Amino acid sequence: MKVTSKIPVMTAIVFLITLVVPVWKSSVTLYGTAFLNNTAQAQLPVEIYQTYPEAMEEPVADPLESYNRVIFQFNDKFYFWVVKPVGTAYGKVVPEVARIGLRNAFHNFLSPARFANNLLQLKFEGAGVTLARFLLNSTFGFAGFYDFTAKQCTFAKEPYEEDFGQTLGHYGMPPVVYIVWPILGPSNFRDTIGIAGDAFMEPTYYLPISWYTAGGIKAGQYLNAASLHIGDYEDFLQAALDPYVAMRNGYNQYRENEIKK
């Protein structure tokens, strides 16, 4: 049985850590520290494939590189042996318009987490836009399958994509170390904690469903998203001199840019 009364306490503890870590940063070396939490980043942002610098002004802390490269190769094989063939077959069976509708519905379903993180960062306009989009798309957009706000509303505000990892970064927590997770891909210490925090904000956490049903929903989201971007990863591999370094730097650049918005 879930004890929801403990959630505010856990959230407060994590939030306090984000304020304390920057104070320690000048005197404590955090390299080599990694908590192997279960990340749940259901889909890799396509923007990572579109920006993959081989070198950056600030190097990414990567003391786990040997481990990370092994997992990177595993994920590479998993993509070509499982994700691509299954995603391609799925794309042939399910029309693109239906897959786009499902993507919209998944995105709309996770609006509460984005709303909460906008509030945590005191981005009240973002919170208002997120709430308005959620209400309009849920009612006039058939639970979000149709992006009513983008197609019919004149204000045409883009969604404010905020997650708990960005919230931690907003308050000064550094990425600490780069981590590659099996199947789920690139992350870091900060974003791993962030994903765990977002799990408490997702509606599936409060629904009376089993863990494997929730996992099936995540798998469906991952597969549906992958089917819409078959070929992006291949283009990324062809353009990168060292795909591992390119992915690491691209992910770090993407996340830091998101935090600065």
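Residues numbered from 1 in each chain as written. Predicted model: local features only at pLDDT ≥ 70, side-chain atom pairs only at ≥ 80, totals over all residues. Heavy atoms only, no water.

> Tell me what's going on with the overall build of the protein chain, and back it up with residues and numbers.
Counting its secondary structure elements, the protein chain contains twelve helices and two strands. Starting at the N terminus and walking to the C terminus, you meet the elements of the protein chain as α-α-α-α-α-α-α-α-β-β-α-α-α-α. Here the protein chain, with 261 residues, has 41% of them falling under the buried criterion. Looking at the protein chain alone, contacts between residues at least 24 apart form 79% of all its contacts between residues at least 6 apart. Counting every atom, the protein chain has about 14,300 Å² of accessible surface; 66% of that belongs to carbon and sulfur. (Helix = DSSP H or I, 4+ residues; strand = E, 2+ residues; numbered from the N terminus. Buried < 20%, exposed > 50% of the residue type's maximum accessible area, 1.4 Å probe, protein only. Contact = heavy atoms within 4.5 Å. Areas by Shrake-Rupley, 256 points an atom, 1.4 Å probe, with all protein chains shown as cover.)

> So, the packing of helix α4 (residues 96-109) against helix α10 (residues 211-227): which residues are in play, and what are the values?
At a closest axis distance of 10 Å, the pairing of α4 and α10 adopts a crossing angle of 130°. Viewed along their axes, α4 and α10 adopt a mutual orientation that is oblique. α4 and α10 meet at a crossing whose hand is left-handed. Residues R99, L102, R103 and F106 of α4 touch α10, and the partners they reach there are I217, G220, Q221, N224 and S227. Grouping the amino acids of the contact of α4 with α10 by side-chain chemistry returns three nonpolar, four polar and two charged. (Axes fitted to C-alpha atoms, helices over the stretch in contact; angles between N-to-C directions. Parallel < 35°, antiparallel > 145°, perpendicular 65-115°, else oblique. Left-handed = near helix turned anticlockwise from the far one by under 90°. Nonpolar A, V, L, I, M, F, W, Y, C, P; charged D, E, K, R; others polar.)

> Can you lay out the pairing of strand β1 (residues 178-181) for me, pointing to particular residues and giving the numbers?
Of the two faces of β1, the one carrying Y178 and V180 and the one carrying I179 and W181 are both buried. Two strands pair when backbone bridges link them, and β1 and strand β2 (residues 185-188) are joined in this way by four bridges, in the antiparallel orientation. Residue pairing for β2: I179 is matched across the bridge by S187. (Pairing = 2+ DSSP bridges.)

> Run through the pattern of salt bridges, naming residues and quoting values.
All chains considered together, the criterion is met by 14 salt bridges. Between R248 and D62 there is a salt bridge, with the nearest N and O atoms lying 3.0 Å from each other. Placement of R248 in helix α12 (residues 243-260) and of D62 in the loop between α2 (47-50) and α3 (65-93) is noted, with a sequence separation of 186 residues between them. We classify D62 as buried; its relative accessible area is 12%. What emerges from the salt-bridge pattern is a single network uniting D163, R190, D191, R255 and E256. (Salt bridge = Lys/Arg side-chain N within 4 Å of Asp/Glu carboxyl O.)

> Which residues make up the packing of α3 against helix α11 (residues 232-239), and what values do they have?
Two elements in contact, α3 and α11, have axes separated by 12 Å at closest approach and are oriented at 140°. In this view, α3 runs oblique relative to α11, as classed from their interaxial angle. The way α3 lies across α11 gives a crossing that is left-handed. Where α3 approaches α11, its residues F72, D76, Y79, F80 and K84 are matched on the opposing element by Y233, E234 and L237.

> Would you mind going over α11 in detail, with residue names and values included?
When we look at burial in α11, the residues that qualify are Y233, E234 and F236. Within α11, the buried residues cover an arc of 155° as seen down the axis, which keeps them to one side. (Arc of directions from axis to C-beta.)

> Quick one: what's the story with a nonpolar patch on the surface, residue by residue and with numbers?
Taken together, F80, W81, V82 and V86 make up a surface patch of nonpolar side chains, about 390 Å² in accessible area. Structurally, V82 is set in helix α3. (Patch = residues over 30% accessible without salt bridge, like charges linked within 9 Å, V, L, I, M, F, W, Y side chains within 5 Å.)

> Before we move on, could you go through the confidence of the model for the protein chain and cite the residues and values that matter?
Detailed reading of the predicted model is not advised wherever pLDDT is low. Here the protein chain averages 79 in pLDDT, and 76% of its residues register 70 or above. Low pLDDT, under 50, characterises residues 1-45; the stretch is placed with 64 contacts to residues that sit more than four places away or in other chains. (pLDDT = per-residue confidence, 0-100.)

> Tell me about the nonpolar core, and name the residues and values.
The biggest cluster of nonpolar side chains holds 16 residues, and the ones touching the most others in it are F72, Y178, V180, Y233, F236, Y244 and M247. Put simply, the parts of the chain that give this core at least two residues each are α3, β1, α11 and α12. At five residues, the largest contribution of residues to this core is made by α12. If you look at the next biggest cluster of nonpolar residues, it comprises eleven residues, including L168, V176, W181 and F189. (Core = buried A, V, L, I, M, F, W, Y, C linked by side-chain atoms within 4.5 Å.)

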